[in-house]
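Spelled out, the chains give:
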Amino acid sequence: MVETVRSVCPYDCPDSCGLLVEVDNGCAVRVSGDPEHPYSLGTLCPKMTHYERTVHSPRRLLKPLLRTGAKGSGAFREASWDEALQLIAERWQGIITKYGGEAILPYSYAGTMGMVQRNAGHPFFHYLGASRLDRTICSPALGAGLKMVLGATPAPHPDEVLGSDLVILWGINAAATSIHYLDRVKKARKKGAKVWLIETYATPTAAVADELFLIRPGSDGALALGLMHVIARDGLADRAWLEAQTTGWGELEQQVLPAHTPERTADLSGIPAATVERMAREFAAAAAPFIRLGSGMTRYGNGAMTVRAIAALPALVGGYGKRHAGSFGGTSTGGAFAMKDLVREDFLSHPTRIINMNQLGQALNDLAEPPIMSLYVYHSNPAVVAPDQNDVLRGLAREDLFTVVHERFMTDTARYADVVLPATTSLEHADIYRSYGTYCIQRAKAAIPPVGESRSNWEVFSALAAALGFDEPFFQQRAEDLIDQLLAGPNPWREGIDTDRLAAGHAVELKTPDWPPTYFATPSGKVEFLNREADEPLIRFLQTHGEEDGYPLQLMAAPSLYALNSTFFERDELRERQQGMRLRVHPSEAEKRAVTDGQPVCVFNACGEVRFILDVTEKVQPGVAVAEGVWWLEFAPGERSVNALTSQRLTDCGAGSTFYDNRVDFRAA
Ligand SMILES: Nc1nc2c(c(=O)[nH]1)N[C@H]1C(S)=C(S)[C@@H](COP(=O)(O)OP(=O)(O)OC[C@H]3O[C@@H](n4cnc5c(=O)[nH]c(N)nc54)[C@H](O)[C@@H]3O)O[C@H]1N2
Ligand SMILES: Nc1nc2c(c(=O)[nH]1)N[C@H]1C(S)=C(S)[C@@H](COP(=O)(O)OP(=O)(O)OC[C@H]3O[C@@H](n4cnc5c(=O)[nH]c(N)nc54)[C@H](O)[C@@H]3O)O[C@H]1N2
Ligand SMILES: [Mo]
C-alpha cells in the first residue's frame, strides 16, 4: 500500500518547498510538490523532483566507519555505533585533559535547514566547553548592510512584488536559486512590469528580464550612488519623504553624491553614462520600483557597504512608503520560535573562543593556545565549500587532528575523517522548518525509517552526551520534544495561526508584517543613510579586495542550477546536466591565451591552481571568468575544485565569505 506523507525540502534555499512523499513498504518511491503549500504551490526544482534518488542512493553511508589508511585516501573499516561512540568519547576526554575543551571545534552549516537538526550540536558543544563557530559562510554582509539602513524592520511578504511596475533583480540568479520568487516576477511582468537584471554575466535568469545590465564585479555600490546622483540632480527625489523619514540625506547629498557623476559611475561600474542617466529616470518614474537583492554583490570586501547603497535607493523616491515598492533581501523569522531553549547558551560555563568558519584553514594550521586537536563536522562539507581549499586540506591532513564527520555520503570532508558516522536524510527524521524567503513554517514527521544504521544529528548528540556521561536530562529528549518546546508559549508571530493544520504537517504562514512598514525599527526610527553606530557612518563607495590581487579576471564562483553548493553531486543525472566542471570566459579572453572551447585549462592565482574545461561564450563579459558549482574532487578534472582559488578574506561587516572577490588567470593545461 502506497501512503502519501507531507514533508518539506530541507535544503538551504529561500523557498522551503512543500513535498508530497509517496511511501511504499518503508521506501520513498516518489516525491512531488505539495499543491497546498502557500508559496511553492506544487512545483519543485529539477533537484528535488527525484529526491527519492538521493534518499535511496547507492552512495548512502550505512554504517559507522573507522579510518584504516592515510587521511584523505578513503580507506575505512565498518564499526558498530558503540565502538565509534566509545572511541570519540575516549579521544575527546584525552584532548580535554591535555588541552582543554576549546581544542575541540564543531563545524556545521546548512546540510539541513530544519531548526532542531540544524542546531542540534549547539547545546552539546556548549556543555562540552568546545570552541564556538562563527557561521558566516553564506551572506551575512547582506543582513548586516540591510540592518544598517532599515534596522530590524520586517521584510515585506514575497507577494508584494506582484504589484510592482519595475522589478530589479540585483545580484540574484533566481532561475537557479529562488524559482518560486521568479514565478512571481514573471506574473508581475505579465501585468506590465519591466524587469531588470543586474549581473556580471548572462545567467539563466536573463531570459526572464527585459533588460540585462552587465556590471563590473563589486561595483554595484557605485552604480547605486550614480543613480542617486542623477535622481537628486534632476529634481526627481521625493524630498518631503526624505526629510521626514530618513537620516543623513543632507550629508549624503552634499558630501558623497557630487563625486558620483554618470561619467565616474561608468568608469567604476562599466555601465555607460547614458545608461546610468536612463536607469535613474526610469527608476524615478516607476510607480512602485521594487529591488530583490541576492547575495552576489555581497560576497566582496565591500559587500555590506554595497548593500547599504542599494537598500538606500528606494528611499530617494519614497519607495519605503508605498505598497509594492521598496526592497526585499529575505525574511527573518527566528523570533517566532523559542530558539534559546534549543541553543542553550546557558550550558556554557564560560564564554569560549569563537572561530570564523571562513577561516577554517587558518584555524587548523595556525591556531595555538590551544591548537585545534579535534574537528567534528556535521551537515557541512568544508573540504570543498570553504574558501582556500589548499589550506583547508592541509589542515584536515594533519595526523594529530582527530576528525569526526557525520554525513549521508562519502564527501571529500568525510574522506579525511578518523570516524565517519552515517546520517539520516530529512525523510528519516522529524523537524520543524522556517524559511528565509517566505513567512511559511512547517512541521514534518519522519516519512520512512532510517536507511541503514543512519542516525539524525540530534540522535547522535544525544548518544554522545550519554557516552561522555553528561548528567543533564536535556540530552535525553527526542527531536519531537524539542519541536514542541520551540513552539511553546505565546509569540506574536504565531498569533492566530492554524495550529491543527501545523500539527497535521501542512505549511502555515506566520503573521505577515504590514507593507509599507508602519515604523522603521532603527535607532532613529527612520531609514538611515547615516548610521552613527557603524564604523563607516555614511554610505559611500568602497574598493573590493580583488583590486589588490594583480590577476586579470574576476572569478565568479557561482551556484549551479543542478546542485546546491556541494549537495546533489551524488546524483549522476544532475551532475551530467552540468556538462563537466567548466570555466566560462568571453571569446576575447580565450583568444588572448590561445586556448579554444572544450580544451582543458589551468586556472591560477596566489591561492592555488585548478583544472577546468574551457567554455567560450559571449554570455560572459571580458574581464570575468565563471565557474559554476562546488564540485566534489572525485568528479573534478584535476586534484582541486573552485575553492582552491578563493581566499579566507572577510567582508567589511558581518565577517562573511568573499567567494566572488578573487582574481585569477588561466593557461592551457
Ligand atoms: N540551484 C541552486 N540553488 C541554490 C544554491 C545553489 O548552489 N544552487 N545555493 C543556495 C544558497 S546556500 C544560497 S546562499 C542562495 C544564493 O543565491 P543568490 O542570492 O542568487 O546568490 P548567488 O547565487 O551567490 O549570486 C547570484 C548572482 O550574483 C552574481 N554576482 C556576483 N558578483 C556580482 C556583483 O558584483 N554584482 C552583481 N550585480 N552580481 C554579482 C553572480 O554571477 C550570481 O549569478 O542560493 C541557494 N539556492
Ligand atoms: N565556490 C563556492 N563556494 C561556496 C558557495 C558558492 O556559491 N561557491 N556557496 C557558499 C554558501 S552560500 C554556502 S551556504 C555554503 C554551504 O556549505 P554547506 O552547508 O557545507 O553545504 P553543502 O555543500 O550543501 O553540504 C552539506 C552537507 O550536509 C550533508 N547533510 C545533509 N543533511 C544532513 C543531515 O541531516 N545531517 C548530517 N550530518 N549531514 C547532512 C549533505 O550530505 C552535504 O554533504 O557553501 C559556500 N561555498
Ligand atoms: Mo548560502
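Computed from a predicted model, the values in this text were never measured in an experiment.

## A look at the side chain of T617
Inference 1: Considering the arrangement of structural elements, one finds T617 in the loop between β25 (609-616) and β26 (624-626).
Inference 2: Ignoring sequence-local partners within four residues, the contact set of T617 consists of R584, V585, H586 and P587.

## Thoughts on helix α19 (residues 457-467)
Inference 1: What α19 keeps buried is the set N457, W458, V460, F461, A463, L464 and A465.
Inference 2: Positive backbone phi, approximately 75°, marks G469, located one or two places after α19.

## A few points about the sheet that holds strand β19 (residues 440-444)
Inference 1: Spatially, the 3 strands line up as an open sheet ordered β18-β19-β20, and their pairing is antiparallel. Edge positions in the sheet fall to β18 (431-433) and β20 (508-509), since each has one partner strand and no second.
Inference 2: Across 2 bridges, the pairing between β19 and β20 is antiparallel. Each residue of the ladder has a partner; that of I441, found in β20, is V508.

## Observations regarding the sheet that holds strand β17 (residues 419-422)
Inference 1: An order of β5-β4-β17-β16-β15-β6 is seen for the 6 strands of this open sheet, with the pairing classed as mixed. Unpaired on one side and paired on the other, β5 (76-78) and β6 (104-108) mark the two borders of the sheet. Averaged over neighbouring strand pairs, the angle between their axes works out to 20° when direction is ignored.
Inference 2: Where strand β4 (residues 65-67) meets β17, 2 bridges bridge the pair, whose relative direction is antiparallel.

## Observations regarding the site of ligand 2
Inference 1: Lining the immediate environment of ligand 2, one finds 30 residues, of which S380, E407, N457, S566 and T567 sit closest.
Inference 2: For ligand 2, an oxygen atom lies 2.9 Å from a polar atom in the backbone of N381.
Inference 3: Taking N643, its side chain carries an N or O atom lying 3.0 Å from a nitrogen atom of ligand 2.
Inference 4: Computed on the free molecule, ligand 2 has an accessible area of 920 Å², of which 97% lies beneath the protein chains in the complex.
Inference 5: A per-class count over the shell around ligand 2 returns 12 nonpolar, 14 polar and 4 charged.
Inference 6: Both domains that meet at the shell around ligand 2, namely domain 1 (65-134 + 341-434 + 440-509) and domain 3 (545-668), each give it at least three residues.

## Side note on the site of ligand 1
Inference 1: Neighbouring residues of ligand 1: 32 residues in total, closest E199, D220, R299, A563 and Y660.
Inference 2: Between a nitrogen atom of ligand 1 and a main-chain N or O atom of S560, the distance comes to 2.9 Å.
Inference 3: Within the complex, the protein chains bury 97% of what would otherwise be the 910 Å² of accessible surface of ligand 1.
Inference 4: Breaking the shell around ligand 1 down by element, the ones donating at least two residues are α6 (174-177) and β9 (194-199).

## Some words on the packing of helix α2 (residues 81-99) against α19
Each packed pair of helices is defined by two parameters, the angle between the axes and the distance between the axes.
Inference 1: It is the contact of α2 with α19, at a shortest axis distance of 9 Å, that shows an interaxial angle of 60°. By the angle class used here, α2 and α19 are oblique. Every pair of crossing elements has a handedness; the one defined by α2 and α19 is right-handed. Contacts from W81, L85, Q86, I88, A89 and W92 in α2 reach V460, A463, L464 and A467 in α19.
Inference 2: Considering only residue class, the contact of α2 with α19 consists of 9 nonpolar, 1 polar and no charged.

## Looking at the packing of helix α8 (residues 220-233) against helix α11 (residues 262-269)
Inference 1: Interhelical geometry of α8 versus α11 gives an angle of 170° and a closest axis separation of 9 Å. One way to sum up the angle between α8 and α11 is to call them roughly antiparallel. Here A222, L223, G226, H229, V230 and R233 of α8 come into contact with α11, specifically with P262, T265 and L268.
Inference 2: By residue class, the composition of the contact of α8 with α11 is 5 nonpolar, 3 polar and 1 charged.

## Looking at the pattern of salt bridges
Inference 1: Considering all chains together, one arrives at 40 salt bridges under this definition.
Inference 2: Here E573 ties to R53 by a salt bridge, and the two come within 3.0 Å at their closest N and O atoms. Here E573 is found in helix α22 (residues 572-577), whereas its partner R53 is found in helix α1 (residues 51-55), with 520 residues between them in sequence.
Inference 3: According to the relative accessible area criterion, E573 is partly exposed, its value standing at 28%.
Inference 4: Take R53: its relative accessible area is 38%, and that puts it in the partly exposed class.
Inference 5: A salt bridge links E495 to K511, with the shortest nitrogen-to-oxygen separation between them at 3.3 Å. On the criterion of sequence distance, the pair formed by E495 in the loop between α20 (479-486) and α21 (499-503) and K511 in the loop between β20 and β21 (527-528) is long-range, its members being 16 residues apart.
Inference 6: When salt bridges with common partners are traced through the structure, they connect R6, D34, E36 and R501 into a single cluster.

## Some points on the domain arrangement of the protein chain
Inference 1: On domain assignment, one finds that the protein chain holds domain 1 (65-134 + 341-434 + 440-509), domain 2 (140-332 + 515-528) and domain 3 (545-668).
Inference 2: Listed per partner, the contact involves 21 residues of domain 1 and 22 residues of domain 3.
Inference 3: Taken together, both faces of the contact between domain 1 and domain 3 bury some 1800 Å²; the carbon and sulfur share is 47%.
Inference 4: Linking domain 1 to domain 3 there are 1 salt bridge.
Inference 5: Remark: the boundary between domain 1 and domain 3 carries 17 residue pairs in polar contact (both at pLDDT 80 or more).
Inference 6: Of all the secondary structure elements, the ones that give two or more residues to the side of domain 1 that touches domain 3 are α15 (360-366), α16 (382-385), α17 (389-396) and α18 (412-415).
Inference 7: Here the residues of the side of domain 1 that touches domain 3 are counted per class, giving 7 nonpolar, 8 polar and 6 charged.

## Focus on unusual backbone geometry
Inference 1: Cis rather than trans, the peptide bond between E369 and P370 has omega equal to -15°.
Inference 2: Checked against the element boundaries, P370 lands in the loop between α15 and β15 (374-378).
Inference 3: Here the amide bond leading from W515 into P516 is cis, since omega sits at 0°, within 30 degrees of zero.
Inference 4: Backbone geometry at E369 places phi at a positive 50°, although glycine is not the residue there.
Inference 5: Relative to the helices and strands, E369 resides in the loop between α15 and β15.
Inference 6: You can call E369 exposed: its relative accessible area is 77%.
Inference 7: For A655, which is not a glycine, the phi torsion comes out positive at approximately 50°.
Inference 8: With respect to the helices and strands, the residue A655 is situated in the loop between β26 and β27 (663-668).
Inference 9: Under the relative-accessibility criterion, A655 is labelled partly exposed at 23%.

What counts, and where the lines are drawn
- Residues numbered from 1 in each chain as written.
- Chains lettered and ligands numbered in written order.
- Predicted model: local features only at pLDDT ≥ 70, side-chain atom pairs only at ≥ 80, totals over all residues.
- Heavy atoms only, no water.
- Helix = DSSP H or I, 4+ residues; strand = E, 2+ residues; numbered from the N terminus.
- Contact = heavy atoms within 4.5 Å.
- Buried < 20%, exposed > 50% of the residue type's maximum accessible area, 1.4 Å probe, protein only.
- Pairing = 2+ DSSP bridges.
- Axes fitted to C-alpha atoms, helices over the stretch in contact; angles between N-to-C directions.
- Near = heavy atom within 4 Å.
- Polar contact = N/O pair within 3.5 Å; in protein donor to acceptor, adjacent residues only side chain to side chain.
- Areas by Shrake-Rupley, 256 points an atom, 1.4 Å probe, with all protein chains shown as cover.
- Nonpolar A, V, L, I, M, F, W, Y, C, P; charged D, E, K, R; others polar.
- Domains from an automatic or database assignment.
- Parallel < 35°, antiparallel > 145°, perpendicular 65-115°, else oblique.
- Left-handed = near helix turned anticlockwise from the far one by under 90°.
- Salt bridge = Lys/Arg side-chain N within 4 Å of Asp/Glu carboxyl O.
- Buried area = accessible area lost by both parts, 1.4 Å probe.

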